[in-house]
Amino acid sequence: MVLTSKQPQKPKVAVYKFSSCDGCQLSLLNLEDELLDLAAAVDISYFLEATRTVKPGPYDIGIVEGSITTPHEAERIKDVRQDCKYLIALGTCATAGGIQALRNFASVNEYARTVYAHPEYLEYLEKSTSIAENVPVDLVIWGCPINKYTLLEVIAAQLQNRRPNFPPSPVCLECKRNGTVCVVVARGIPCLGPVVHGGCGALCPANGRGCYGCFGPSSVANFSALVEGMAPRDRYPQETAYLLRGISCHAPAFRTAAEQALKLSAKPVPDLWGKEPK
Amino acid sequence: MNTIEVPALARVEGEGGLYIGLQNGKVVEIRLDIYEPPRFFEGFLVGRYLQDVPDITARICGICPVAYQMSSVTALEKALDLEVSPQVYALRRLMYCAEYIESHALHIYLLQAPDLLGQPSALDLAAVAPQVVKDALRMKKIGNEILKAIGGRSVHPVNVCVGGFYRWPELAPLKKLLPELEWALEAAKGTVRWSVTLPYPQLDQDYDFVAIHHPDEYGVINGEVWSSKGSHLSVAEYETRYLEEHVQRSNALHGHTKDGGNYLVGPLSRLNLNHAQLLPEAQKALDENGITLPITNPYKSLVARAVEMVHFYAEAIALIKAYEPTVPAHLDLKLKAGEGAGASEAPRGLLYHRYRIDEQGRVQFAKIVPPTAQNLPRIEQDLFALAPQIVALPQEQATLTAEHLVRSYDPCISCATHFLKLKIENKE
């Protein structure tokens, strides 16, 4: 990746963390071969995981990891939006609420009582929401974690005043490109590959398991056909429903599809290839 | 000077702040504010099928996902009375070696070294000592490359399951890493030599060191929970001595022993309790650099990490050379209701999990005790011990010294959101 810049001066970059595991920010530090070039091409003005130095805003590029889960975060994200000209939601927490959005399908108060002796001390919102549900966002990057080279491509595109090159194809296509034998066809394993946004390189099928949806919905996906095809293959009750109700559970397409899968799991249907379900 | 305040701690995993209140030169209040929000993992694990667990718990921490996966699968395999093959166990150790390599290289060079070298970050350090940072990144990268070869990616790898691995990784990509690992092993020996020359602040404490101990290997996944105060417990007995309590006025779960003491988990505990199990290269690094044990200064956990790096590079080389899978990558699961506890040594300390599952393999109960939750009371006590030395220093230097202490623990605040807005008041 060449980080040549067409900008008159180095853009100021800020990296923020909300409710998350740190993994997407870490992906930035995991750019071992590119990190020093990147640090030379942009002005890293706010990035607490990496540096104590905090330069005042406004910033040209704001990169936000994490979802909004507390009243304080809901306020803080508004300040972040004001401080940043171009705001990027980084990773599936920021783009769809993340794994912690599983609370959105249950009683969060119940969870708080399960985990903490004195839940009344905690401050939290009922739902974990994406950044775009709270403030306007200029670009979303899916992934749990993100593919670090996607972020590098986005920053390079910003430096060069061009659109980032994001293939819209699903995981399924990445398997074909890699020459990975389809786990659904060959082994009858439920897999979200046909409906999930590519970007990971189809890692799960390459490891002999079905895709579990880290990269959110592909824009070209047919979810209801997927559910009808996969749910009859469930190896344990509601496998497909739980695949959908996982990392990207709060993304609208996943929500609807999980509901459909939950209904279907009560009533098995013949699968896509016409065989009777087990 | 009335207060030392760091509203947002830098170069730690997760978000937290530090407040030390002083009156007439005496410390009246120490507060480590953890504003990392709660995410309720133990809540939403309930009802999930057991194979979902390692994928979900990995998301607790992007820096030590392997630790979460290993503690999860170990506990769940206990619940099913499964014993994985020695080959699966060896590959799990290799994954763990890789996580230690990337996490320790990150902490030593990118998170803690800037404190010791008077720089705000490793990026600033790179401007004055580019080769140091370039070598550090190269050392770190090899850990991520091993994880990629085994689990597809370094953050939240996808190959770990209850019963073993979804498939055996190919040998060629692992073998290709050997020359780079040999380089890194030598580089890590250099890190140990360098680590003993750094200007650590003085602070020696009487710790209850707690770590997993195994007589035949450097304790990481398998073994007993040992304490330097003489307690030796099986993992299943962990909760008989180590408790979490929601302390009044603190809004927090505190790790403490059943007699009310605090304890330390992490690299100092491991090295002090398990140095006899280090591989010869790491033993030699201890001897050649005149490192005497136990190390009782928390700032010097960097030295322990450096010695561990030598060990884990050497172990990774040996494991890759011996890698030749001949048995299935995972066992068939025979589901039954049961309960199991598992513990492993995350790079920042002991990580304990316990699950109860029903006959369909669904989680009924989950308990997770992350390392930083256990260390938090100990960090506060260290801050109290440190305070008299720093109150006379200029504000900026006092703040840095206190911050540096917290950072030297390599706290993972994302993991340890069991405590919020922790407040300590001087009881004098």
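Before any of the text, the structure's been laid out above.
Conventions adopted
- Residues numbered from 1 in each chain as written.
- Chains lettered and ligands numbered in written order.
- Predicted model: local features only at pLDDT ≥ 70, side-chain atom pairs only at ≥ 80, totals over all residues.
- Helix = DSSP H or I, 4+ residues; strand = E, 2+ residues; numbered from the N terminus.
- Rg over C-alpha atoms; globule rule 2.2 N^0.38 Å.
- Buried ≥ 20, exposed ≤ 12 C-beta atoms within 10 Å, placed from the backbone.
- Contact = placed C-beta atoms within 7 Å.
- Pairing = 2+ DSSP bridges.
- Axes fitted to C-alpha atoms, helices over the stretch in contact; angles between N-to-C directions.
- Arc of directions from axis to C-beta.
- Nonpolar A, V, L, I, M, F, W, Y, C, P; charged D, E, K, R; others polar.
- Left-handed = near helix turned anticlockwise from the far one by under 90°.

Undergrad: What am I meant to see in the overall build of chain B here?
TA: Each helix and strand in chain B was counted, giving 14 helices and 14 strands. Its C-alpha atoms give chain B a radius of gyration of 21 Å, near enough to 22 Å, the size a compact globule of 428 residues would have. Oriented by its inertia axes, the alpha-carbon framework of chain B measures out at about 65 × 50 × 35 Å. Counting across all 428 residues of chain B, residues that qualify as buried make up 58%. The long-range share in chain B, meaning contacts at least 24 apart out of those at least 6 apart in sequence, stands at 72%.

Undergrad: Would you take a moment to explain the overall build of chain A for this structure?
TA: Helix and strand content of chain A: twelve helices and five strands. For 278 residues, the compact-globule formula gives about 19 Å, and the C-alpha radius of gyration of chain A, at 20 Å, lands near that figure. Expressed as lengths along the three principal axes of its C-alpha atoms, the size of chain A is roughly 65 × 50 × 25 Å. Considering chain A as a whole, with its 278 residues, one finds that 55% of them fall into the buried category. When contacts within chain A are restricted to residue pairs at least 6 apart in sequence, long-range pairs at least 24 apart make up 74% of them.

Undergrad: Would you mind showing me how to read the sheet that holds strand β4 (residues 84-90) of chain A here?
TA: Strands in a sheet are paired, the pairing made by backbone hydrogen bonds, and the direction either parallel or antiparallel. All names here are of chain A. Across the sheet, five strands lie side by side as β2-β1-β3-β4-β5; this open sheet has parallel pairing. Each of the sheet's edge strands pairs with one partner strand only, and the pair in question is β2 (43-47) and β5 (139-141). Neighbour-to-neighbour, the strand axes of this sheet turn through a mean angle of 20°, independent of strand direction. As paired strands, strand β1 (residues 12-17) and strand β3 (residues 59-65) are joined by five bridges and run parallel to one another. Looking at the pairing, Val13 lines up with Ile61 of β3.

Undergrad: So what exactly am I meant to see when it comes to the pairing of strand β12 (residues 349-357) of chain B here?
TA: Residues and elements named next belong to chain B. A large share of β12 lies buried, amounting to eight of its nine residues. Bridge count for strand β11 (residues 338-346) against β12 is nine bridges, and the pairing is antiparallel. The residue bridging Ala341 from the neighbouring strand is Arg354, located in β12. Joining the antiparallel neighbours β11 and β12 is a turn of two residues. As paired strands, β12 and strand β13 (residues 363-369) are joined by six bridges and run antiparallel to one another. In the sheet register, Ile357 faces β13, and the bridge partner there is Val363. With antiparallel pairing between neighbouring strands as the criterion, β12 and β13 make up a hairpin whose turn holds five residues, including Gly361 at a positive phi of roughly 80°.

Undergrad: Sorry if this is basic, but what is going on with helix α5 (residues 108-115) of chain A here?
TA: The α-helix advances 3.6 residues per turn, and as a result positions three or four apart in sequence lie on the same side. Residues Val108, Tyr111 and Val115 of chain A constitute the buried set of α5 of chain A. The buried residues of α5 of chain A occupy an angular sector of 55° when the element is viewed end-on, so they sit on one face. Taken together, the buried residues of α5 of chain A touch α1 (41-45) of chain B.

Undergrad: Would you take a moment to explain the interface of chain A and chain B for this structure?
TA: Put simply, an interface is often sized by how much accessible area is lost when its parts join up. In this assembly, 51 residues from chain A lie in contact with 50 residues from chain B. Put simply, the parts of the chain that give the side of chain A that touches chain B at least two residues each are α1 (23-29), α2 (35-41), α5 and α9 (203-206) of chain A. Of the residues that constitute the side of chain A that touches chain B, the class distribution is 30 nonpolar, 13 polar and eight charged.

Undergrad: Which parts of the structure should I look at to understand the packing of helix α4 (residues 86-116) of chain B against helix α12 (residues 301-322) of chain B?
TA: The description of two helices packed together rests on the angle between their axes and the distance between the axes. All names here are of chain B. Two numbers describe how α4 lies on α12: the axes approach to 9 Å, and their chain directions differ by 145°. Once α4 is placed against α12, the crossing between them reads as left-handed. Residues Ala90, Arg93, Leu94, Cys97, Ala98, Tyr100, Ile101, His104, Ala105, His107, Ile108 and Gln112 of α4 form the contact with α12, whose participating residues are Leu302, Arg305, Ala306, Glu308, Met309, Phe312, Tyr313, Glu315, Ala316, Leu319, Ile320 and Ala322. Split into classes, the residues belonging to the contact of α4 with α12 amount to 17 nonpolar, three polar and four charged.

No statement about biological role is implied by the geometric values presented.
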